[in-house]
Amino acid sequence: MFVCWCGSNIAATVDVEAVTEAVRTEPGVVVATNSQYMCSEGWQSSIRNAVAEHKLTGIVVCACSPRMHEPTFRKAAAAAGMNPYMVEIANIREQCSWIHKDKPEATEKAIILARAAVAKLNLDKPLTAGESPVTKRALVIGGGIAGIQTALDIADAGYEVDIVEKSPTIGGKMAMLDKTFPTLDCSACILTPKMVDAAAAEKISLYTYSEVESVKGFVGNFTVEIRKHARSVNSELCTGCGVCMEKCPSKKTKSEFNQGLSNRSAIYIPFAQAIPNVPVIDREACIKFQTGKCGVCEKVCTAKAVDYEQQDEIVTKQYGAIVAATGFNPIKLDNFDEFAYSQSPDVITSLEFERLCNAAGPTKGHVVRPSDHEEPKTIVFVQCVGSRSTVDCGKTYCSKICCMYTAKHAMLLREKYPGTEVYVFYIDVRTPGKSFDEFYRRAVEEYNVHYVKGMVGKVAPEDGHLRVQASDLIADKQIIIDADLVVLAPAIEPDPSARALGTMLTASMDTNDFFTEAHPKLRPVESPTAGIFLSGVCQGPKDIPDTVAQAGAAASKVIGLLSKDKLIGNPCVAECNEPLCNGCSACELVCPYGAITYEEKPVFDHGVRETRRVASVNEALCQGCGACTVTCPSGAMDLKGFTNLQIMAEVDAICR
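Residues numbered from 1 in each chain as written. Predicted model: local features only at pLDDT ≥ 70, side-chain atom pairs only at ≥ 80, totals over all residues. Heavy atoms only, no water.

A. Region of interest: the sheet that holds strand β3 (residues 59-63). Taken in spatial order, the four strands of this open sheet run β2-β1-β3-β4, and their pairing is parallel. Lying at the two open borders of the sheet, with one neighbouring strand each, are β2 (33-35) and β4 (87-91). Along the sheet, successive strands turn relative to each other by an average axial angle of 20°, direction set aside. The sheet contact formed by strand β1 (residues 2-4) and β2 spans three bridges and is parallel. Counterpart to Val 3 in the pairing with β2 is Asn 34. (Pairing = 2+ DSSP bridges. Helix = DSSP H or I, 4+ residues; strand = E, 2+ residues; numbered from the N terminus. Axes fitted to C-alpha atoms, helices over the stretch in contact; angles between N-to-C directions.)

B. How the structure looks around empty space enclosed by the protein. On inspection of all chains with the given rule, the structure shows six cavities of 30 Å³ or more. The computed volume of the largest cavity comes to approximately 110 Å³. What lines the largest cavity is a set of 15 residues, among which Cys 238, Cys 241, Cys 244, Pro 279 and Cys 301 lie closest to the centre. (1 Å grid on protein atoms, 1.4 Å probe; cavity = no way out; pocket = protein on both sides within 12 Å on 5 of 7 lines; lining within 4 Å. Points joined across faces, edges and corners; volume = space filled by probe spheres on them.)

C. Spotlight on a nonpolar patch on the surface. On the surface, a nonpolar cluster with roughly 330 Å² of combined accessible area is contributed by Phe 642, Ile 647, Met 648 and Val 651. Within the secondary structure, Val 651 is located in helix α18 (residues 644-655). (Patch = residues over 30% accessible without salt bridge, like charges linked within 9 Å, V, L, I, M, F, W, Y side chains within 5 Å. Areas by Shrake-Rupley, 256 points an atom, 1.4 Å probe, with all protein chains shown as cover. Salt bridge = Lys/Arg side-chain N within 4 Å of Asp/Glu carboxyl O.)

D. Local environment of the packing of aromatic side chains. Under the criterion given, the structure shown has seven aromatic pairs. Here Phe 181 and Phe 436 contribute two aromatic rings whose centre-to-centre distance is 5.5 Å and whose plane-to-plane angle is 80°, an arrangement assigned as edge-to-face. You can see Phe 181 sitting in the loop between β8 (179-180) and β9 (185-186) and its partner Phe 436 sitting in helix α13 (residues 436-445), a full 255 residues away along the chain. Each of the two residues, Phe 181 as well as Phe 436, counts as buried. Judged by centre distance (5.3 Å) and plane angle (70°), the rings of Tyr 397 and Phe 514 are edge-to-face. Residue Tyr 397 is found in the loop between β21 (378-385) and α12 (402-416), and its partner Phe 514 is found in the loop between α14 (497-505) and β29 (532-534); the two are separated by 117 residues along the sequence. In terms of burial, Tyr 397 and Phe 514 fall into one category: buried. (Phe/Tyr/Trp six-rings, centres within 6.5 Å; stacked < 30°, edge-to-face > 60°. Buried < 20%, exposed > 50% of the residue type's maximum accessible area, 1.4 Å probe, protein only.)

E. Expanded view of the sheet that holds strand β18 (residues 321-324). Strands sit in the order β10-β7-β6-β18-β29 across an open sheet of five strands; the sheet is parallel. Both outer strands of the open sheet, β10 (204-208) and β29, are each paired with one neighbouring strand and no more. Averaged over all adjacent pairs, the angle separating strand axes in this sheet is 20°, with direction ignored. Pairing of strand β7 (residues 160-165) with β10 involves five bridges; the strand directions are parallel. Bridge pairing in β10 places Ile 163 opposite Leu 206. Contacting β6 (137-141), β18 and β29, helix α15 (residues 544-562) crosses the sheet at an angle of about 160° to β29. (Contact = heavy atoms within 4.5 Å.)

F. Representation of the nonpolar core within the structure. Among the nonpolar cores identified, the biggest contains 41 residues, and Met 1, Ile 59, Cys 62 and Ile 92 are the most heavily contacted of them. Sorting the residues of this core by element identifies β1, α1 (8-11), α2 (16-23), α3 (41-54), β3, α4 (66-79), β4 and α5 (103-121) as the ones contributing at least two each. Considering each element in turn, this core owes the most residues, eight residues, to α5. Ile 59 has contacts with Phe 2, Ile 47, Val 51, Ala 77, Met 82, Met 86, Val 87, Glu 88 and Leu 121, leaving out every residue within four places of it along the chain. Counting residues in hydrophobic clusters, the runner-up holds 40 residues, among them Ala 151, Ile 154, Ile 163 and Phe 533. (Core = buried A, V, L, I, M, F, W, Y, C linked by side-chain atoms within 4.5 Å.)

G. Highlighting the pattern of salt bridges. What the rule picks out here adds up to 37 salt bridges. For the salt bridge of Glu 446 with Arg 442, the shortest nitrogen-to-oxygen distance reads 3.9 Å. For the salt bridge of Glu 526 with Arg 523, the shortest nitrogen-to-oxygen distance reads 3.3 Å. For Arg 523, a relative accessible area of 34% translates into the label partly exposed.

H. Layout of the packing of α2 against α5. One way to put it is that α2 packs onto α5 with a least axis distance of 9 Å and a crossing angle of 35°. In terms of crossing hand, the pair formed by α2 and α5 is right-handed. On α5, the residues that touch Ala 18, Val 19, Ala 22 and Val 23 of α2 are Thr 107, Ala 110, Ile 111 and Ala 114. (Left-handed = near helix turned anticlockwise from the far one by under 90°.)

Read these as geometric descriptors, not functional statements.
Set out below in C-alpha cells:
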C-alpha cells in the first residue's frame, strides 16, 4: 500500500499518516508507506524495489484519479516483473480531499476507499492484454476550417482521410466571413486555397451533402455508414457552367449562405468558390419535384448531368480514427424579443452583417439597411446577446469571439463610411489573444468607436428608426439612441448534429452539447472514448487561430494512432459463465460494439453434458463497458478485473 500526499492536494485535507497506519492491518497488506509525490521517479523506483524485496503480488496506490496516473503505476509494476493489472488505484484526491473540508471526515473516507481497494485487489487475477490491427484511414466529420486543416495534416503524413460535410460544399462558417481579426486579411483568401488543396489532395476524399448514419466498432477498427444525399445532379458529368441556376424559374428560397438576406434558385451552388463546384437541387423548392412539371434545368443542361431519379446512397467504410469537427451555429433569437429581431428587418445578427460587408454578399459589400437599402448613419452593436446569461434561453458561458469581431465590424464601418456613428454596448471587453487588446484599442482610439459599458434594455421600431434604450454604467445614466441599424452578437452553440453524433461515437458531452475532452490540460483534443478526437468549436468556443492550432493537434494524435500496426487491447473484457447462461440474447442486444454473439456449444452443468445456446464474447471487439453484465438476468456475464465478487467485496469493505 502506497499513499501519496500529492503535495498539499491530499495532505491538506487527509491525514496521510493515519491512512497509512489504518491499512497496515488489512488482510494481505505486507508493506504500507507514504510519500509526498508517489508519481515521482524516485518513488517509482521505491515501488519497484518493494516489489522485488517483499515479493509483492499486487499494489494499491492511494493517490489521484486513475485517469491521470494509472498507466504510470502499471508501468512501474511491469518493470518490477509484476502483472500490470494487479495494480489498484484508490482515488483519495478527486473523490475525497478535493470535496471535503473537514479533515477527520476526509481521513475516515480515505481509509474506507483504501480498504475497498485492498478488498478488490485480493480477488484480482493477472490479465493479459490482446492485440488488434489498425485500419490506416481516418474520418473527419465536418468540412469547416477545423475539418479541412485536420484532414490536410493527416493526408500530408501519408494517410488516407475522408471528410464528411452535411452541406453541399466544404468551407463552413469561415467561408461566410469578410475579414478576419486581428490582421483584417480576407477570409476567402485564406480559406479558398485550403479548400482547393483538400479537393486536390490524393489522400483526401470529400463526401459533401452527406451525413454519418451509424458508427460501430472501436479504436483502430471503426465501421461507419455514410449517407450521401441525392444531389439530383451527376457530379462526374457536371461542368459547373451555372446555366441551370440561371434558367431555374424557382428563385424564392432564402439563401442559407447569405443568412436569408437574398434568394437563391431551387438548383444552386452555395457560393462562387464552393467545392465541389456542383449544384444541388433543393427538392422542397423544386417545381419538378413538387408538381411533376417544369424540368427546365434538365433541358438546358448540355452535359446531361441533371438526374431527377438519383437516390440517397449508403457508403460503408472502415476507419482507424475519427475526428469530430462539427462546428457551431449562432443561437436562435426567438426568445430575445426585447431586441426586436423578429419585428424589424433592420435588427440583424453579426453573421448577417458579415454577409452585408462581403463583396460577394447580397449587397456586393455595401452596408445598407435591409428594409429600404439606404446607408445607415447610426449603428448600434449589442454584445453578449445570450452569452454569459443567467436566464434559461441563454448560455452561461462566454462565446469568446464576439468582442473581437464586433471591434472588427466597427473599424471596417468607420473606415468605409467615416461619417457613420458607431456605438458598442458591452458588459466587459474580453481580448485575451495575441495582439487582440491592441486591436480593440485601435477601434476606440483611432476609429473613434463609442464603447459604452452597459446593457441594452429594449430596441423598439419607431418612425423609420430603431429606438435603443440602454444604460451607461460609467456615467450612471439611461441613454436613448435613434439608430438606423442594430447588430446583435448572439452566443454561439454547437451544431445541432453534435448531440446525435456524440451518441453514435459514445463520446462524452457537457450540458451545453460541447464535446468533452479526456483531460482539459493534458489531453485537450482527445475524447474519453479511445480513437475519437476533437477539432474546433465542437469542443468549445474558439477563434480561427485556436481552431487551426487544435486541428493540427488532433491530426498529430490521429497520425500517432495510425502509425501503429497493432494496438494493445483492454484485458478487462466480458466473459460468459456458460453453465449459467440461458441464451436470452439480452447481452447481445445491449452491446454497443457488437462483441457478443451466440453459439450452440456443449456445456457441462451439474454432472449433465448438453448442447446449449450460450453467449460468446469476441475479446478483440469488447471494450469492457460492462453493459452486458448489468443486463444479464441470470448473472452469467461478468467483467474481468471488475467481477461481481470484486465489486461486492468492495461494498463489504466499505460497510464494515
